[in-house]
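Listed below, chain by chain, are the residues.
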Amino acid sequence: MAKDRTALDRELADLPPEMRWREWMRRIEAVLFASATPVLRDDLARVVGQGASVDLLIADLSADLEGRAFEVARVADGWMLRTRPAYAPAIRAAADVGDQLFDLSEFDIAVLAAIAYHQPITRDGLKNIFGKEISRDLTGRLHARGLIATGPRAPQRGAPFTFVTTDQFLAAFDLESLQDLPDREGLEDAGLGPA
């Protein structure tokens, strides 16, 4: 019987404990590096041994990356590698990242913020907030950029779809979760929200 070449030795019992830990860290780093989206704990646990704590491995990997141009970031229920914000100008100067930039208008950002704070929200809910119809083109652009998604149907006549933010939204705005959004009362006090 041929040996399965895709089998992964998760336990690494033949390695000394410190080398085993280091190898598990490298595996997690490789998975995060290869993924364009946040990787869940369960997915990371598939590449390490049973006795390994993904949280501790992530903490050690983060410490290893201290002082480097990229970092491990917690996004929603997972982690991803991303460039530290201080290096954004260097990336823009050296690489063609035009298609990766969101290039959102102030109104696009206002609609995105309304969705983030009021989700799940319908198109009518957005109309009530802004006092005007929100175009399907605008919500389509936000959806195409991966910042919003279709949420559950609203429990009202016609059962319209709702809008919700995505993990891409959290990553784009450097948020771990929606609890990291600025306090609405503080925004209103600063004149940045509805009175």
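Residues numbered from 1 in each chain as written. Predicted model: local features only at pLDDT ≥ 70, side-chain atom pairs only at ≥ 80, totals over all residues. Heavy atoms only, no water.

**Student:** Help me understand the environment of glutamate 29, please; the structure alone is not making it clear to me.
**Tutor:** Looking at the element boundaries, glutamate 29 is found in helix α1 (residues 17–34). Overall, the relative accessible area of 24% leaves glutamate 29 in the partly exposed class. Along the sequence, glutamate 29 and methionine 80 sit 51 residues apart, while their C-alpha atoms lie 9.1 Å from each other. Excluding anything up to four places from it in sequence, glutamate 29 contacts Leu61, Leu65, Phe70 and Leu81. (Helix = DSSP H or I, 4+ residues; strand = E, 2+ residues; numbered from the N terminus. Buried < 20%, exposed > 50% of the residue type's maximum accessible area, 1.4 Å probe, protein only. Contact = heavy atoms within 4.5 Å.)

**Student:** Would you take a moment to explain the sheet that holds strand β1 (residues 39–40) for this structure?
**Tutor:** Strand-to-strand pairing in sheets goes through backbone hydrogen bonds, with the strands running parallel or antiparallel. Taken in spatial order, the three strands of this open sheet run β1-β3-β2, and their pairing is antiparallel. The open sheet has two free edges, formed respectively by β1 and β2 (70–75), since each of these has just one partner strand. Relative to strand β3 (residues 78–83), β2 runs antiparallel, the two sharing six bridges. Of the residues in β3, the one forming a bridge with valine 75 is glycine 78. Against the sheet, α1 touches β1, β2 and β3, its axis set at about 70° to β3. (Pairing = 2+ DSSP bridges. Axes fitted to C-alpha atoms, helices over the stretch in contact; angles between N-to-C directions.)

**Student:** What should I look at first to understand α1 in this one?
**Tutor:** For an α-helix, the turn length of 3.6 residues means that residues three or four places apart are oriented alike. Look at α1: 26 Å from first C-alpha to last across 18 residues, which is about the 26 Å you get at 1.5 Å a residue. Buried within α1 are the following residues: Trp24, Met25, Arg27, Ile28 and Leu32. Buried positions in α1, seen along its axis, are confined to an arc of 155° and lie on one side of it. Pointing more than 90 degrees away from the buried face of α1 are the exposed residues Glu18, Phe33 and Ala34. Buried-residue contacts for α1 involve β1, α2 (41–45), α3 (54–64), β2 and β3. (Expected span 1.5 Å × (residues − 1). Arc of directions from axis to C-beta.)

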